[in-house]
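Below, each chain spelled out in residue letters.
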Protein chains: 2
Amino acid sequence: MTETIGKVFGDITVSADGYSAGLDQTEERPFGADGGDGTGSKLHAWMFDHADENRAEIDLILDAGAFIMGRNMFGPVRGEWDRPWNGWWGEDPPFHAPAFVLTHHARDPEQMKGGTTYHFVTDGIEAALAEARAAAGARDVAILGGATTLNQYLAAGLVDELRLHIAPFTLGAGTRVLAGVPPLQLEQVSSRAATAITHLTYRVR
Amino acid sequence: MTETIGKVFGDITVSADGYSAGLDQTEERPFGADGGDGTGSKLHAWMFDHADENRAEIDLILDAGAFIMGRNMFGPVRGEWDRPWNGWWGEDPPFHAPAFVLTHHARDPEQMKGGTTYHFVTDGIEAALAEARAAAGARDVAILGGATTLNQYLAAGLVDELRLHIAPFTLGAGTRVLAGVPPLQLEQVSSRAATAITHLTYRVR
Ligand SMILES: NC(=O)c1ccc[n+]([C@@H]2O[C@H](COP(=O)([O-])OP(=O)(O)OC[C@H]3O[C@@H](n4cnc5c(N)ncnc54)[C@H](OP(=O)(O)O)[C@@H]3O)[C@@H](O)[C@H]2O)c1
Ligand SMILES: NC(=O)c1ccc[n+]([C@@H]2O[C@H](COP(=O)([O-])OP(=O)(O)OC[C@H]3O[C@@H](n4cnc5c(N)ncnc54)[C@H](OP(=O)(O)O)[C@@H]3O)[C@@H](O)[C@H]2O)c1
């Protein structure tokens, strides 16, 4: 009997110098000094302004059976969960699957509409991955970021595939994908150009 | 009367995390801890092992009318020029044009075969560029690296076009292209995948 198990992929949009967010994140500017309005809209123009052209890349993210993200990607609340916050994605988030939020601050799960439930994991990256794998079954697990979260998984050798969407500007500072991660062997699985974006997919060996 | 003047382009091969050379450069390992044998052969596999497939990208570099490089790219001699050294490229270098080497240590020009003359420029990046432009005439000026040199030109706003060749591995440390360079607006002019490499060309705006 062969068991099919999904892969673990990281998927993140970076500036040409490798940053996935700028310095000085605030609630009004969750991406900080991101070269635009602070909401990441410039980094993510490929997703929002050119969605049709990039449908395949977007679908590949949302096809995952479970999601992992860091607490700073989830929202602007820091420290204790001292006020209501259920993510940036509204009542019916696009995940339609369990999403595991890494944090040091315990919190009960939040069940949203459409199949998304946010689970708050306080016992580290391996625990979050084990829960995500169990939830995803044969489907993939998506690590969505930010860089602080993805880099930990990369450094621990827990990522099978790394997808970078390289946007045409530089930030000069911020949280950098792959920063502090020991050398990795990669295999370029695909590389596709679209309007003002390059999609690179690597198998991590 | 319109005057045609060439553009200034930077052209450099980087790891997926943006490094153009590793730590600990030595004469035996001029690229230092570069994930391979220290000669940059792994970064530059696209040039040497897959030259036919990448002929267009290679020719675009060599079409320049003048070249600029840093002293560490030119060779392993540091401090005073206390022993003979005429570059890594033998008696008949592939440049076939003047090549300006930035250094703090004055030295007379070296005329090589085939049209390459090495000029050693001790009065900074703008002086080197002025000399290179004068030598190139209507042709382009190529800034070849290393990162220390290219980043200075990028930071000074003197680069019209940035060509990155992204190799499928990470280094984790070394000299990083775009490190310390203030934010840049780029236009993705072309993006092409070949075997185990992605060629990205940006116009710097
Ligand atoms: N460009 C993109 O595609 C992209 C993708 C995702 C996010 N982003 C942006 O990136 C920024 C967030 O990224 P980031 O790197 O700053 O942070 P992040 O990875 O989203 O979150 C980091 C936080 O998560 C918690 N955490 C991470 N690892 C943990 C662990 N092992 N154990 C327990 N808790 C852990 C900690 O929060 P506590 O200690 O406070 O609980 C930590 O401060 C935001 O601006 C976001 O919008 C961009
Ligand atoms: N991946 C690629 O495509 C690629 C391309 C090129 C090079 N490389 C590699 O990158 C490494 C070299 O790069 P690097 O960044 O270490 O050094 P580099 O830019 O080649 O050379 C730096 C040196 O050039 C001189 N210099 C630079 N700017 C100057 C200025 N404004 N005024 C006067 N002198 C100046 C200084 O030498 P002094 O003060 O000693 O005179 C400085 O230490 C080598 O391993 C090389 O093989 C890789």
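Residues numbered from 1 in each chain as written. Chains lettered and ligands numbered in written order. Predicted model: local features only at pLDDT ≥ 70, side-chain atom pairs only at ≥ 80, totals over all residues. Heavy atoms only, no water.

Chain A is annotated in an unreviewed UniProt entry as Dihydrofolate reductase family protein from Paractinoplanes rhizophilus.

## Remarks on the pairing of strand 8 (residues 161-167) of chain A
Looking along a regular strand, one sees side chains alternate from face to face of the sheet. All names here are of chain A. For strand 8, the buried fraction is high: seven of the seven residues fall into the buried class. Side chains E161, R163, H165 and A167 project from strand 8 onto one buried face, and the interleaved L162, L164 and I166 project onto a second face that is buried too. In this sheet, strand 8 lies alongside strand 1 (residues 8-15) in parallel orientation, the contact comprising seven bridges. Bridging across to strand 8, S15 finds its partner in A167. (Buried < 20%, exposed > 50% of the residue type's maximum accessible area, 1.4 Å probe, protein only. Helix = DSSP H or I, 4+ residues; strand = E, 2+ residues; numbered from the N terminus. Pairing = 2+ DSSP bridges.)

## Re the site of ligand 2
All names here are of chain B. In the neighbourhood of ligand 2, 26 residues make up the surrounding shell, with P30, T103, H104, T148 and T149 lying closest. Here a nitrogen atom of ligand 2 sits 3.0 Å away from a polar atom, N or O, in the main chain of S20. Within the contact set of ligand 2, an oxygen atom lies 2.6 Å away from a side-chain nitrogen or oxygen of H104. Relative to its unbound accessible surface of 930 Å², ligand 2 loses 89% to contact with the protein. The leading source of residues in the shell around ligand 2 is helix 5 (residues 147-155), at four residues. Here the residues of the shell around ligand 2 sort into ten nonpolar, 15 polar and one charged. (Near = heavy atom within 4 Å. Polar contact = N/O pair within 3.5 Å; in protein donor to acceptor, adjacent residues only side chain to side chain. Areas by Shrake-Rupley, 256 points an atom, 1.4 Å probe, with all protein chains shown as cover. Nonpolar A, V, L, I, M, F, W, Y, C, P; charged D, E, K, R; others polar.)

## With respect to the nonpolar core
Residues I68, Y153 and I166 of chain A together with I68, Y153 and I166 of chain B are the most contacted members of the largest nonpolar core, which totals 66 residues. In this view, I68 of chain B contacts F100, L102, A128, L129, A132, V141, A142, I143, L144, G145, T149 and Y153 of chain B; residues no more than four positions away in its chain are not counted. (Core = buried A, V, L, I, M, F, W, Y, C linked by side-chain atoms within 4.5 Å. Contact = heavy atoms within 4.5 Å.)

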